[in-house]
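The lines below spell out each chain.
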Amino acid sequence: MREQLSLQANGVRISYTDFGGGGTPVLALHGTFGRGAIFAGLARELSGVARIIAPDQRGHGFSGHPDSYTCADFVDDTAAVLTGLDLAPAVILGHSRGGITAYQLAARHPELVAGLVIEDVGPVMRRPEVEHPVLPVHGWPQTAPTDAELAEALLARGVPDASYFLQSAVTMPDGQRGFLFDWNDMMAVQLSGVGDWWDDWLGSDCPALVLRGEHSALLPARLAEEMVARRPGARSAEIAGAGHWIHDDAPAAMAAAIATFLGG
């Protein structure tokens, strides 16, 4: 049963979706421009195997929009959510920017993390390893009369598929369709994730699964291989036919990989 709930965590109101379904509790962290609800398809596939609890991270979804979006902010928020919901130690699933938070949390608070599932992000988010680590979104349109017009505006700015962004579109008080995030906040979120995070990835020893989309532009295959080779307790799986958003592109295959990982 899917429920939208909220709690105060690290001084910020954090909204979260509890998909229920029984099984191992998994805290799922979305990427930039996302929200917890994006994991609905994956949660259905994992029903009975994993109970997905997915917060809207600060600045996203129905959570608060504070002024700061540092790595430490996201780590502290997640630690507070785990403590507030009495989930620790838990398996942490992180997609993209959320994956950076997941392995940074494990490095700083190993007592809170039983395992990691890292969805299509590496320990380096910068050039030259990643050609386009930041999507420049300053000044992009916030609202439009319809979702189709919102999508058209994004396509005009070079986004090949607007569907991920539209998962964060809602009807505004004036009747317009608009995003739950602010584009300037999203620039801050992206920029805080740019860097070399090898020390954080190597800073924990809990079991870890690295998932890479076959057609990913953000996690080169060679980097995924190096992540596993350098960190004890890590394994990897490449998901055929998927791009960066594996949970949308191939939820059944992603769920199968996670189920195998949770089963040991």
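Before going into details, it helps to say that this report is about the structure given with it. (Residues numbered from 1 in each chain as written. Predicted model: local features only at pLDDT ≥ 70, side-chain atom pairs only at ≥ 80, totals over all residues. Heavy atoms only, no water.)

Okay, unusual backbone geometry next. Between Ala88 and the following residue, Pro89, the backbone shows a cis peptide bond with an omega angle of -5 degrees. A cis amide bond links Arg127 to the next residue, Pro128, at an omega of 5 degrees. Phi angles above zero are rare outside glycine, and Phe33 is one such case at about 75 degrees. Among the secondary structure elements, Phe33 is positioned in the loop between β3 (24–29) and α1 (40–45). What makes Phe33 buried here is its relative accessible area of 6%. Non-glycine residue Asp86 carries a positive phi angle of around 55 degrees. Looking at the secondary structure, you find Asp86 in the loop between α2 (71–84) and β5 (90–95). (Helix = DSSP H or I, 4+ residues; strand = E, 2+ residues; numbered from the N terminus. Buried < 20%, exposed > 50% of the residue type's maximum accessible area, 1.4 Å probe, protein only.)

For helix α4 (residues 147–155), the complete set of buried residues consists of Leu150, Ala151, Ala153 and Leu154. What you see down the axis of α4 is that its buried residues fit within an arc of 160 degrees, all on one side. The exposed residues of α4 that point more than 90 degrees off its buried face are Ala148 and Glu152. Looking at the buried residues of α4, the elements they touch are β8 (143–144), α5 (163–166), β9 (169–171), β10 (177–179) and α6 (183–192). (Arc of directions from axis to C-beta. Contact = heavy atoms within 4.5 Å.)

Right, let's get into the packing of aromatic side chains. Applying the stated criterion across every chain yields a total of twelve aromatic pairs. Aromatic side chains Tyr103 and Trp201 sit 5.8 Å apart centroid to centroid with 75 degrees between the ring planes, which places their arrangement in the edge-to-face category. Placement of Tyr103 in helix α3 (residues 97–108) and of Trp201 in helix α7 (residues 198–201) is noted, with a sequence separation of 98 residues between them. When its relative accessible area of 0% is taken as the criterion, Tyr103 is described as buried. The exposure class of Trp201 is buried, given its relative accessible area of 0%. Arranged with centres 5.9 Å apart and planes meeting at 75 degrees, the rings of Tyr164 and Phe165 form a pair that is edge-to-face. Residue class for Tyr164 comes out buried when judged on its relative accessible area of 4%. (Phe/Tyr/Trp six-rings, centres within 6.5 Å; stacked < 30°, edge-to-face > 60°.)

Another point: empty space enclosed by the protein. It is a probe the size of a water molecule, rolled over the atoms, that shows where empty space is left. Within the structure shown, the criterion is met by two cavities of 30 Å³ or more. By volume, the largest cavity amounts to about 40 Å³. Considering the residues around the largest cavity, the lining is formed by Ile14, Leu29, Pro55, Asp56, Gln57, Arg58, Phe74, Asp77, Thr78 and Val81. At four residues, α2 tops the list of elements feeding residues into the lining of the largest cavity. (1 Å grid on protein atoms, 1.4 Å probe; cavity = no way out; pocket = protein on both sides within 12 Å on 5 of 7 lines; lining within 4 Å. Points joined across faces, edges and corners; volume = space filled by probe spheres on them.)

Let us look at the pattern of salt bridges. Oppositely charged side chains may form a pair once their charged atoms are brought near each other. Within this structure, the stated rule accounts for nine salt bridges. For Arg58, the salt bridge identified is with Asp73, shortest N-O distance 3.7 Å. Of this pair, Arg58 sits in the loop between β4 (50–55) and α2 while Asp73 sits in helix α2, and the two are 15 residues apart along the sequence. In this structure Arg58 comes out as buried when scored by relative accessible area, which is 5%. (Salt bridge = Lys/Arg side-chain N within 4 Å of Asp/Glu carboxyl O.)

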